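Geometric and topological summary
For reference, the chains in residue letters:
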Amino acid sequence: LLGLLLENSLFRNLGVPGEILEILFKWVDDVEDYPKIPKAKGGIKAIRSEAFFLPLYELYLTHGGIFRLTFGPKSFLIVSDPSIAKHILRDNSKSYSKGLLAEILEFVMGKGLIPADGEIWRIRRRAIVPALHQKYVAAMVSLFAQATDRLCQKLDDAATDQEDVEMELLFSHLTLDIIGKALFNYDFDSLRNDTGIVEAVYTVLREAEDRSVSPIPTWEIPIWKDISPRQRKVAEALKLINDVLDDLIAICKRMVEEEELQFHDEYMNEQDPSILRFLLASGDDVSSKQLRDDLMTMLIAGHETSAAVLTWTFYLLSKEPSVVSKLQDEVDSVLGDRFPTINDMKKLKYTTRVINESLRLYPQPPVLIRRSLEDDVLGKYPIKRGEDIFISVWNLHHSPSLWQDAEKFNPERWPLDGPNPNETNQNFCYLPFGGGPRKCVGDMFASFETVVAVAMLVQRFNFQMALGAPPVEMTTGATIHTTEGLKMTVTRRIKPPIIPELDMQRLKMEASAKIS
Ligand code: HEM
């Protein structure tokens, strides 16, 4: 405190330049007697090569739940301690912004809900959360089932032709088709068609992911921006998506004006149950640019995350046939041959546990990013305003001190009759959807989406890693991807034929007559 007062008065009263003060007070800091955050050094290679959260895990085992990682002049705080994570995300969330993340994603999400901070975030969150009401999510379950059914038809063809399939790509198409309909009632139909708009979405997504792991922001160099073919392609893709979104917003506005249905809390238009329709019908007083930013944000947030969860779930299942058997038993007894409905969601308990456990082992995204807006104390360590912080959800979820057999894929660790695990009942050791005021708005949507997809796929098919498939390794963008895809062989399940009750009685009588 004394240091801070002195610093202020030197700056204000004597006009001593900031740089000199920094050197002076670094020295004061060094001699002051308060606990210092352990320091680790990183090479730039560590963030470029392999999945960057893996070296962070090694450093966590050496340095503990909070340490400082320095790359030349840059430094980050890496947090892997549940109580510090809780402090940043929930208890003192007002003192933290999205920092680097907002800077990186600005080009595509603008002031959308994920990067936005302060007043804009507060207003947009308040407008968007009600759109994901219960009736909407229930309607979405049948959308998930129809989209997954289209994927099943594709897999059925592959099974007939005895062709292997690349599941990571198919899951990405599945979740894009779902989120397009769910957000703005737009059919990307990417499972069947490869249109310009689908390619544009992927160009923008890949760029966002590359920027999140790139150590040098080449895209900010003024001339480079205009001459680099890649950056020009990104700009064209963004323009195409923005034009499509602007058209969809304009069409939807007209429909809402013509509609007679009164707006209420659980408003939903049966033909167009989308979030966009809800927002416009609610009279949401927002500019088209802000609306576009929010839709784009949710398109990205709700697409790659769910696709990654499905990819890693099927990878994990491919190594645990006993889990698959239990899963299929549950799905057969709850669903039989029919599509899932909202009422089945609470009955598909084991399927839900499989997703819970997959999200523990492969959290999407593996790190959460924040910047301190004021001085604070993390654990026993004072920190300054302006610190860039990575909360490693990967480390929390893999910590040998927080989990028994942390590396084991064990859905049974979550009792079927227990509560659905979340950040609150797991005391911030488990953060599949973040926590505090910035928690995911699509958590229920995403849970049901992945449960429906897994249930319907194992209901109809058996999956195995394809013969000669490349090893499945991790790489990162915003979510965890495989390095070379998830190549699988799909076969139709052979289930015992369902014999109607009457025939069954006749068969039994015939059999007993034969015996006697
Ligand atoms: C935020 C995970 C699906 C929309 C988040 C956060 C996480 C997360 C961890 C917190 C980020 C942070 O604190 O920095 C996931 C996972 C999903 C998923 C694992 C799929 C399995 C979705 C879907 C939507 C969505 C389907 C939209 C319908 C959002 C939004 C935010 C967010 C808008 C920002 C909320 C805010 O800052 O107020 N998500 N998400 N997510 N998610 Fe999701």
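So, here's what we can say about the structure. (Residues numbered from 1 in each chain as written. Predicted model: local features only at pLDDT ≥ 70, side-chain atom pairs only at ≥ 80, totals over all residues. Heavy atoms only, no water.)

**A few points about a nonpolar patch on the surface**
Nonpolar side chains collect at one region of the surface, where Ile221, Ile223, Trp224 and Ile227 lie side by side and expose about 420 Å² of accessible area between them. Structurally, the position occupied by Ile223 is in helix H11 (residues 222–227). (Patch = residues over 30% accessible without salt bridge, like charges linked within 9 Å, V, L, I, M, F, W, Y side chains within 5 Å. Areas by Shrake-Rupley, 256 points an atom, 1.4 Å probe, with all protein chains shown as cover. Salt bridge = Lys/Arg side-chain N within 4 Å of Asp/Glu carboxyl O. Helix = DSSP H or I, 4+ residues; strand = E, 2+ residues; numbered from the N terminus.)

**Comments concerning the pairing of strand S9 (residues 388–392)**
With five of five residues buried, S9 is to be regarded as a mostly interior element. Bridge count for strand S3 (residues 74–79) against S9 is four bridges, and the pairing is parallel. When the bridges of S9 are listed, Phe76 appears paired with Asp388. Examined bridge by bridge, strand S6 (residues 367–372) and S9 share five bridges and lie antiparallel to one another. Residue Leu368 lies in a different strand from S9, and its bridge partner there is Ile391. (Buried < 20%, exposed > 50% of the residue type's maximum accessible area, 1.4 Å probe, protein only. Pairing = 2+ DSSP bridges.)

**Let's talk about the packing of aromatic side chains**
Under the criterion given, the structure shown has 21 aromatic pairs. Measuring from centroid to centroid gives 5.1 Å for Phe263 and Phe278, while their planes differ by 70°, and the two rings are edge-to-face. Of the two residues, Phe263 sits in the loop between helix H12 (229–258) and helix H13 (275–281) while Phe278 sits in helix H13, which places them 15 residues apart along the sequence. Since its relative accessible area comes to 33%, Phe263 is described here as partly exposed. Note on Phe278: relative accessible area 4%, which makes it buried. Taken together, a centroid distance of 6.2 Å and an interplanar angle of 70° make the contact between Phe461 and Phe463 edge-to-face. On the accessibility criterion, Phe461 (1% relative accessible area) is buried. (Phe/Tyr/Trp six-rings, centres within 6.5 Å; stacked < 30°, edge-to-face > 60°.)

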